[in-house]
Amino acid sequence: MAKKIAYSSILVALALILSYIEALIPINFGIPGVKLGLANLVIVIGLYFLNTSQVFIILITRILLVSFLFGNMSAMLYSLAGGIVSFTVMFLIKKIKGFSIVGVSIAGGVAHNIGQLIVASLVVENMKLIYYLPVLMIAGTLTGMLIGIIAQQVRQHIHL
Amino acid sequence: MKTILNKKDIIFAAGIMLAALLMLICMNFGKQKAGTFIRITVDGKEYGVYSLDKDKVIDIDGELGHNQVVIQDGEAYMNEADCPDHYCMEYKAISQKNETIICLPHKMVVEVIADNSEGKESQVDIIAQ
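These numbers come from a predicted model, not from an experiment.

Caption draft 1: Structural view of the overall build of chain A. Tallying secondary structure elements over chain A gives 6 helices and 0 strands in all. Ordered by position from N to C terminus, the α and β elements of chain A give α-α-α-α-α-α. Since a compact globule built from 160 residues should have a radius of gyration of about 15 Å, the 15 Å found for chain A is in line with a globular shape. Expressed along its principal axes, the backbone C-alpha trace of chain A runs to roughly 45 × 35 × 25 Å. The buried share of chain A, reckoned over its 160 residues, is 51%. Nonlocal contacts in chain A, meaning residues at least 24 apart in sequence, comprise 69% of its contacts between residues at least 6 apart.

Okay, structure coming up:
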């Protein structure tokens with residue numbers, strides 16, 4: 001139990017740092033708000049060596065902390081939506097045989113963006129936002145692939 | 001140290017990319033014509049429809065905050081906003097049909113429409129002219 005809490009705390013701290021670093025890097029993918037998703041690295045790796053409920057708690061804790069510390073409260077809804085959709089899809093894809101951690105991460109990246117787009121469409125009550133779907137899918141695939149490759153490298157070097 | 005991409009990963013990623021590209025092609029098919037009006041909606045309700053032909057500064061004061069949309073040289077952009085993230089001000093100027101600028105914290109959407117049959121040019125606007 002103590003080990004479990006210690007691991008979770010370290011990973012929440014790591015995810016927080018990654019969120020902070022991400023906020024410092026001004027990467028513009030053409031659509032305001034599209035980002036790399038560095039903090040998802042922790043979740044992707046976590047899915048491979050911690051139990052699911054533990055990773056979920058890390059995810060929710062990270063989102064709440066980031067929103068309170070550096071973010072604004074209106075962004076929290078989108079973070080939660082994207083995070084939970086992404087987590088669920090990654091959990092399901094991981095269960096399918098034949099996908100590596102990179103594939104799981106790609107699915108997570110795309111799902112995150114779709115989840116956020118759906119919530120945004122509902123909030124502004126305008127279905128024209130669907131025009132962002134293809135670009136968000138491409139962005140999600142690319143960022144997910146990058147995070148997945150990093151996750152794979154980390155897993156090869158850290159044996160947990 | 002090597003990156004291992006399984007066959008399924010590659011098929012999956014390629015499938016998403018292909019689907020996205022197909023959608024892009026379909027969406028751009030009817031988009032060649034430039035739009036002539038912009039419609040501003042706040043919280044799902046229409047705020048006003050404005051012609052892109054006339055330069056104009058539009059102040060929108062909703063319950064959630066203030067935004068200023070500027071129409072200049074046939075394009076519209078977000079000039080000012082008091083929302084927390086200012087993402088809306090990072091959008092490039094819009095002029096093509098179905099292009100949008102979104103201010104999520106203020107639940108505001110600026111969209112380009114082809115003609116004003118989708119909504120009447122607001123009365124206030126006509127009087128102001």
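Caption draft 2: Inspection of the sheet that holds strand S6 (residues 100-103) of chain B at higher detail. Residues and elements named next belong to chain B. The strand order across the open sheet formed by 4 strands is S2-S1-S7-S6, and the pairing between neighbours is antiparallel. At either end of the open sheet lies a strand with only one pairing partner, and these are strand S2 (45-51) and S6. Ignoring which end each strand starts from, the neighbouring axes of this sheet average 15° apart.

Caption draft 3: A look at the sheet that holds strand S4 (residues 66-72) of chain B. Residue and element names in this part refer to chain B. Sheet architecture is open: 3 strands sit in the order S3-S4-S5, paired in antiparallel fashion. Lying at the two open borders of the sheet, with one neighbouring strand each, are strand S3 (56-61) and strand S5 (75-81). On average, each strand axis in the sheet is tilted by 20° relative to the strand beside it, whichever way the strands run. Inspection of the sheet shows S3 paired to S4 by 6 bridges, in the antiparallel sense. If you follow isoleucine 60 over to S4, its bridge partner there is asparagine 67.

Caption draft 4: Representation of the nonpolar core in the model. By size, the foremost hydrophobic cluster in this structure holds 73 residues, and its most contacted members are Ile38(B), Ile40(B), Ile58(B), Val69(B), Met108(B) and Val110(B). Counting residues per element, this core draws most heavily on helix H5 (residues 101-124) of chain A, at 11 residues.

Caption draft 5: Examining helix H2 (residues 40-49) of chain A more closely. Across the 10 residues of H2(A), 8 count as buried, placing the element largely inside the fold. Those residues of H2(A) that are buried lie in contact with helix H1 (2-24), helix H3 (52-69), helix H4 (73-95), H5 and helix H6 (133-157) of chain A.

Caption draft 6: Spatial organisation of the side chain of His106(B). All names here are of chain B. Mapped onto the fold, histidine 106 is located in the loop between S6 and strand S7 (108-113). Here the side chain of histidine 106 touches asparagine 67 through a polar contact of 2.7 Å, side chain to side chain. At 3.4 Å, the side chain of histidine 106 and the side chain of aspartate 82 are in polar contact. Excluding anything up to four places from it in sequence, histidine 106 contacts Val42, Leu64, Gly65, His66, Asn67, Asp82 and Cys83.

Caption draft 7: Here's a closer look at the packing of aromatic side chains. By the definition in use, this model includes 4 aromatic pairs over all chains. Between Phe99(A) and Phe12(B), the ring centres sit 5.4 Å apart and the planes meet at 80°, which makes this aromatic pair edge-to-face. Remark: Phe12(B) occurs in helix H1 (residues 7-29) and Phe99(A) occurs in the loop between H4 and H5; the pair is interchain, linking two chains. Phe99(A) gets classed as buried once you look at its relative accessible area, which sits at 15%. Judged by centre distance (6.4 Å) and plane angle (65°), the rings of Tyr132(A) and Tyr91(B) are edge-to-face. Remark: Tyr91(B) occurs in the loop between S5 and S6 and Tyr132(A) occurs in the loop between H5 and H6; the pair is interchain, linking two chains. The ring of Tyr48(A) has Lys94(A) sitting right over it, with the charged end atom 5.1 Å from the ring centre.

Caption draft 8: Highlighting the interface of chain B and chain A. Contact with chain B, which involves 39 residues of that partner, is made by 39 residues of chain A. Taking both partners together, chain B and chain A bury about 3,300 Å²; carbon and sulfur atoms supply 67% of that area. On the surface where chain B and chain A come into contact, there are 1 salt bridge. In this structure, Lys128(A) engages Glu111(B) in a salt bridge whose closest nitrogen and oxygen atoms are separated by 2.6 Å. Remark: the boundary between chain B and chain A carries 10 residue pairs in polar contact (both at pLDDT 80 or more). Counting residues per element, the ones that place at least two in the side of chain B that touches chain A are H1, strand S1 (37-42), S6 and S7 of chain B. Tallying contributions element by element places H1(B) first for the side of chain B that touches chain A, with 12 residues.

The rules behind each value
- Residues numbered from 1 in each chain as written.
- Chains lettered and ligands numbered in written order.
- Predicted model: local features only at pLDDT ≥ 70, side-chain atom pairs only at ≥ 80, totals over all residues.
- Heavy atoms only, no water.
- Helix = DSSP H or I, 4+ residues; strand = E, 2+ residues; numbered from the N terminus.
- Rg over C-alpha atoms; globule rule 2.2 N^0.38 Å.
- Buried < 20%, exposed > 50% of the residue type's maximum accessible area, 1.4 Å probe, protein only.
- Contact = heavy atoms within 4.5 Å.
- Pairing = 2+ DSSP bridges.
- Axes fitted to C-alpha atoms, helices over the stretch in contact; angles between N-to-C directions.
- Core = buried A, V, L, I, M, F, W, Y, C linked by side-chain atoms within 4.5 Å.
- Polar contact = N/O pair within 3.5 Å; in protein donor to acceptor, adjacent residues only side chain to side chain.
- Phe/Tyr/Trp six-rings, centres within 6.5 Å; stacked < 30°, edge-to-face > 60°.
- Lys NZ or Arg CZ within 6 Å of the ring centre and 35° of its normal.
- Buried area = accessible area lost by both parts, 1.4 Å probe.
- Salt bridge = Lys/Arg side-chain N within 4 Å of Asp/Glu carboxyl O.

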